[in-house]
Amino acid sequence: MQQFRRIGVDAGRDKGSIRPGSKGNEMKEARSAQKDAYSLLLEAIDVGEFKPGDRLVESDLAEKFGVSRTPIREALQRLETQQLLARDGRSLIVASLDHNQLAELYVVRAELEGLAARLAAQHATDEEVRVLRDMVTEDKKVTGDASTLARANRRFHHQLHLASHNRFLVQQLNLVHQSMALMETTSLAVEGRGETAMNEHAAIVAAIEARDEDAAQRALKNHISQAFVTRLKLDALAIDD
Ligand SMILES: [Zn+2]
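Sequence order sets the numbering: in each chain, residues are counted from 1 along the sequence as written. Note on the predicted model: pLDDT of at least 70 is required for a residue's local features to be given, and 80 or more for side-chain atom pairs to be given and counted; whole-chain, interface and lining totals, by contrast, use all residues.

A. Quick look at the overall build of the protein chain. For the protein chain, the count of helices and strands is 9 helices and 3 strands. Only runs of H or I of at least four residues qualify as helices and only runs of E of at least two qualify as strands under DSSP, and these elements are numbered from the N terminus. Of the regular secondary structure in the protein chain, the N- to C-terminal order runs α-β-α-α-β-β-α-α-α-α-α-α. Evaluated residue by residue, the protein chain yields a buried proportion of 31% over its 241 residues. What counts as a contact is two residues whose backbone-derived C-beta atoms lie within 7 Å of each other. Here the contacts in the protein chain between residues at least 6 apart in sequence split such that 73% fall between residues at least 24 apart. Put simply, a residue is buried when 20 or more other C-beta atoms lie within 10 Å of its own C-beta and exposed when 12 or fewer do; between those, it is partly exposed, and each C-beta is set from the backbone.

This is the structure in structure tokens:
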């Protein structure tokens, strides 16, 4: 088996259900290698190592990740099918979201996350609520550094998705969050947004803890809506440059 380098894994994202193949089972090994190449590329896009517009070249990626070209090619095809990559002439580039796609994505995100919060208020165990509360306490300490905050934010939302105890919803939210990776900068990079966002997280957890479904849904939708407004302001600034 090849050793693959791991880059900052979003907790719980796309956990491999396929184990590395046993000796002599080449088909299984190939599939597992493809999955790993896919996860590696996805993570690299997710953490912003590859940004929208960046060209992805099969041979460079094979060398970078120490994987043969076939699994890289298959991973690239899969990411293109998912519209995380786009064609630019003969090259494959990391896709970017236009204004309308961004707005559409936030609408879906607000509804799905709102539902996750509502279900979490119903179904989260006391332990899950405690984990969320601890995350809020911890994350308040990291305000300031945008990329650390962005990672903490992803962890929090992922934990909240799991607390909904609805696997289909978790799957859909994973897809939404993959597309979120196609935004060049995080709204958490905006001055003051980090602290406000963490307070919004606290309000969401308080509502879940109180088992108040409506309040949890409302608090989460408000959180996403505030993030979107910040996002739009950020884009407006970028156009000015
Ligand atoms: Zn958040």
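From this point, the discussion proceeds with the structure in view.
B. Representation of helix H8 (residues 193-209) in the model. The first and last C-alpha atoms of H8 sit 24 Å apart over 17 residues, in line with the 24 Å expected at 1.5 Å per residue. Among the residues of H8, Arg-193, Gly-194, Ala-197, Met-198, Glu-200, His-201, Ile-204, Val-205, Ala-207 and Ile-208 are the ones counted as buried. Among the residues trailing H8, Arg-211 stands out with phi positive, at a value near 60 degrees. Here the expected span of a helix is defined as 1.5 Å times the quantity of residues minus one.

C. Region of the structure containing the environment of Gln-159. Here Gln-159 lies in helix H6 (residues 146-163). On a C-alpha basis, the gap between Gln-159 and Val-170 in space is 10.0 Å, while along the polypeptide they are 11 residues apart. Contact partners of Gln-159, with chain neighbours within four places excluded, come to Val-131, Leu-132 and Met-135.

D. Spatial organisation of the pairing of strand E3 (residues 91-94). Sheet topology places strand E1 (residues 55-56) next to E3; 2 bridges connect them, and they run antiparallel. If you follow Arg-55 over to E3, its bridge partner there is Ile-93. A pair of strands is considered paired only if DSSP assigns at least 2 bridges between the two. Sheet topology note: the strand E2 (residues 85-88)/E3 ladder contains 4 bridges and is antiparallel. The partner of Ala-86 across the bridge, within E3, is Ile-93.

E. Main features of the sheet that holds E3. Spatial ordering of the open sheet is given by E1-E3-E2, a layout of 3 strands whose pairing is antiparallel. For this open sheet the edge positions go to E1 and E2, each flanked by a neighbour on one side alone. Every axis corresponds to a line fitted to the C-alpha atoms, with the helix fit spanning only the stretch in contact, and the corresponding angles, defined between N-to-C directions, vary from 0 to 180 degrees. Contacts from helix H3 (residues 69-81) reach E1, E2 and E3, with the element oriented near 95 degrees to E2.

F. The arrangement of the nonpolar core in detail. Nonpolar cores are built from buried Ala, Val, Leu, Ile, Met, Phe, Trp, Tyr and Cys residues. These are joined into a set through C-beta atoms within 7 Å. Grouped together as the largest cluster of nonpolar side chains are 28 residues, with contacts concentrated most on Ala-116, Ala-117, Ala-120, Leu-160, Ile-204, Ile-208 and Ala-216. Not counting the four nearest positions on each side in its chain, Ala-117 is found in contact with Leu-160, Ile-204, Ile-208, Ala-216, Gln-217, Ala-219 and Leu-220. Formed by 22 residues, the second largest nonpolar core is a distinct cluster that contains Leu-40, Phe-65, Leu-79 and Leu-84.

G. Structural detail: the packing of helix H4 (residues 99-123) against H6. Across the interface, H4 lies against H6 with an axial gap of 8 Å and an inter-helix angle of 55 degrees. By the angle between their axes, H4 is oblique relative to H6. The interaxial crossing formed by H4 with H6 has left-handed handedness. Between H4 and H6, the residues in contact are Glu-113, Ala-116, Ala-117 and Ala-120 and His-157, Leu-160, His-161 and Ala-163, respectively. When grouped by side-chain class, the residues that make up the contact of H4 with H6 number 5 nonpolar, 2 polar and 1 charged. Roughly parallel means an angle under 35 degrees; roughly antiparallel means over 145; roughly perpendicular covers 65 to 115; every other angle is labelled oblique. In this scheme the handedness of a crossing depends on how the near helix is turned from the far one: anticlockwise by less than a right angle means left-handed, clockwise means right-handed. Any residue that is not Ala, Val, Leu, Ile, Met, Phe, Trp, Tyr, Cys, Pro, Asp, Glu, Lys or Arg is counted as polar, Gly included; the first ten are nonpolar and the last four charged.

H. Structural view of the environment of Ile-45. Position of Ile-45 among the secondary structure elements: in helix H1 (residues 26-46). Judged by C-beta crowding, with 22 C-beta atoms within 10 Å, Ile-45 ranks as buried. Taking the C-alpha atoms as reference points, Ile-45 and Val-94, separated by 49 residues in sequence, lie 7.8 Å from one another. Ignoring any residue separated from it by four or fewer positions in sequence, one finds Ile-45 in contact with Phe-50, Leu-84, Val-94 and Ala-181.

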